[in-house]
Amino acid sequence: MEGQEREKTLQGMLHVPNLKLKLAFEGILVGITTGLCITVLRLCLGFVARNRAKMVDFLQNVPPAYTLLWVGALLLIAMVIAALVRWAPIAGGSGIPQVRGIVLGLEKSTHWARVILVKLLDTSLGIGAGLSMGREGPSVQIGAMTGQGVGNALNNTNLEKRALISSGAGAGLAAAFNAPMAGVMFTMEAIHKNLSAIVMAPTLMACMTTTVLVHWVFGVETVLTIPKMPILPVELLPQVIVLGLVSGLIGVAFNKGSLNIGRFYSLPVFRKPWMKIAFPLLLTIPLTYLLPQILGAGDNIIEAMVDLEGTLGMVLVILLGKFFFTIFSTGSGAPGGSLQPMLVLGSLVGGLYGNLLVQLGLLPEAYRLNMVVFGMAGLFAGSVRAPVTAILLLLEMTGRFYHLVPLGIVTLFAYAAGEIVHDTPIFDAMLERSLKDNPKVKNILEAPEEQMLVEIAVEGGARVEGKTLQEIRLPGRALVVCVRRGDQDMIPQADTVLLGGDYVYLIPNHARLHQLNELFKTKTGE
């Protein structure tokens, strides 16, 4: 760490209230820039979605000879997407695991503007061509990169830059779904992994600012238009519990499929990256004739489930088709998110479950729509393992805030289903896999030299709780520089005792991050 950078960081830690105020105002800048970028992305996706629908109608009514031109166009799109990803490698895939890696200091992105451009172009091309991916992953990464750009422009410290990157990620999700509080909570649950006050201030400002901008462009309507749903009676809560377990396990199955699809794409036939992208693109040809509903992000499917359309058998076919085509699409390496397809799959699971219960006489017809909405939250929580984000996201997407209790029950049991089978949350697993495959990283959880400062929360029941700094054996040459307790900042001394709820700021000095995190997490199984 350079002397000037070290001094600037330590001064910031000694004046945390001023630092939070500074970051809050910078969060407004992040929110504005993120909102502008995501507005462009949503306009592009709206344009390609409208034209894809026209193209599908056209291709279904022309001679088969046109298929050759279709194949050529899809192969060209695959090559363009692959070339752009090669230009900005970190822009490939969802983008959310990459953002988490940057926040942890395990990955770097020196070309933030390049990543934004590639994400905008490739996401529009891929989803426009019919790949089953969503806008939320690219939105999160685009927001994170705008945060990095703002931090670079303001010559911030690495700690401040990571706070702005986190806030941009939350703003990206907020802009994608018109869900500011879900964006804030997503940053805390899935990106930063703790309720840091330093991160909370800019994230809240960024999410609110970007939502105002998106509302100004697209209107204040919720993303999903949901008819009024009756409040679920207490005697139907057992059905909700079962839905939580079922949707959670399907979320786990989605995780397993997403992580293992790499074995398929490692076959010799996929010698070049563009060939992997070409495979799901070429699958769109037969699907256009056989099952066009599963092409693209899947907003049309959610609308159909909300309208309670489709027989039990048809919903099952669409569920299976969407499940496997999403895995093929997201596993190809093409830029695009998996959260929106998760919500689509959740709506199908809820629609199928509700339909089945109605036919068995276990659920009144009036509550079928409830199961559709609850299924979306359950599958999200089972896969991402971010239950509070799932609750807030569905509340803000639907505007139906009086269903908080059943949503909470569904997400709780979906979360429990994933934990019971010892499944790793999807984005954490993706990050670990990508870093293991990176030959430049010696240990996937070793802090690189550029990692200036790490913030770790002391959880209740952790190994370090109640111990003095002198008694704690930190791995490597990690150095504690500040301990924050409530609004009080303490200069660490040998006899400083750590309590649950404290925030410890330390310089890892190549200490392995997983060992540091284990010290500060609640002890389990002891």
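The name given to the protein in an unreviewed UniProt entry is H+/Cl-antiporter ClcA, with the source organism recorded as Acidaminococcus fermentans. Quoted verbatim from the Subcellular location (unreviewed entry) field of UniProt, the annotation for the protein is "Membrane".

Our focus in this paragraph is helix α14 (residues 339–360). The end-to-end C-alpha separation of α14 is 31 Å, in line with the 32 Å expected for 22 residues at 1.5 Å each. Burial runs high along α14: 18 of the 22 residues are buried. A positive backbone phi angle near 75° is found at G361, which sits one or two residues after α14.

Pairing within the open sheet is antiparallel, and its 4 strands lie in the order β1-β4-β2-β3. Every other strand in the sheet has two partners, leaving β1 (454–457) and β3 (488–490) as the edge strands with one partner each. Between one strand axis and the next, the sheet turns by 25° as a mean value, whatever way the strands run. The pairing of strand β2 (residues 479–485) with β3 spans 3 bridges and is classified as antiparallel. Residue pairing across strands places R485 opposite Q488, the latter belonging to β3.

Oppositely charged side chains may form a pair once their charged atoms are brought near each other. All told, the structure shown has 8 salt bridges when counted by the stated rule. The closest approach of N and O atoms between K22 and E26, which form a salt bridge, is 2.8 Å. With K22 and E26 both in helix α2 (residues 16–59) and 4 residues apart, this pair spans about one turn of that helix. Given a relative accessible area of 34%, K22 falls into the partly exposed group. Of the charged contacts, one joins E419 and R385 as a salt bridge, the two residues approaching to 2.9 Å between their closest N and O atoms. Of this pair, E419 sits in helix α17 (residues 404–420) while R385 sits in the loop between α15 (368–384) and α16 (387–398), placing them 34 residues apart in sequence. Judged by relative accessible area, R385 falls into the buried class, the value being 7%.

Reading the values: the criteria
- Residues numbered from 1 in each chain as written.
- Predicted model: local features only at pLDDT ≥ 70, side-chain atom pairs only at ≥ 80, totals over all residues.
- Heavy atoms only, no water.
- UniProt positions renumbered as here; feature names shortened; annotations may be inferred.
- Helix = DSSP H or I, 4+ residues; strand = E, 2+ residues; numbered from the N terminus.
- Expected span 1.5 Å × (residues − 1).
- Buried < 20%, exposed > 50% of the residue type's maximum accessible area, 1.4 Å probe, protein only.
- Pairing = 2+ DSSP bridges.
- Axes fitted to C-alpha atoms, helices over the stretch in contact; angles between N-to-C directions.
- Salt bridge = Lys/Arg side-chain N within 4 Å of Asp/Glu carboxyl O.

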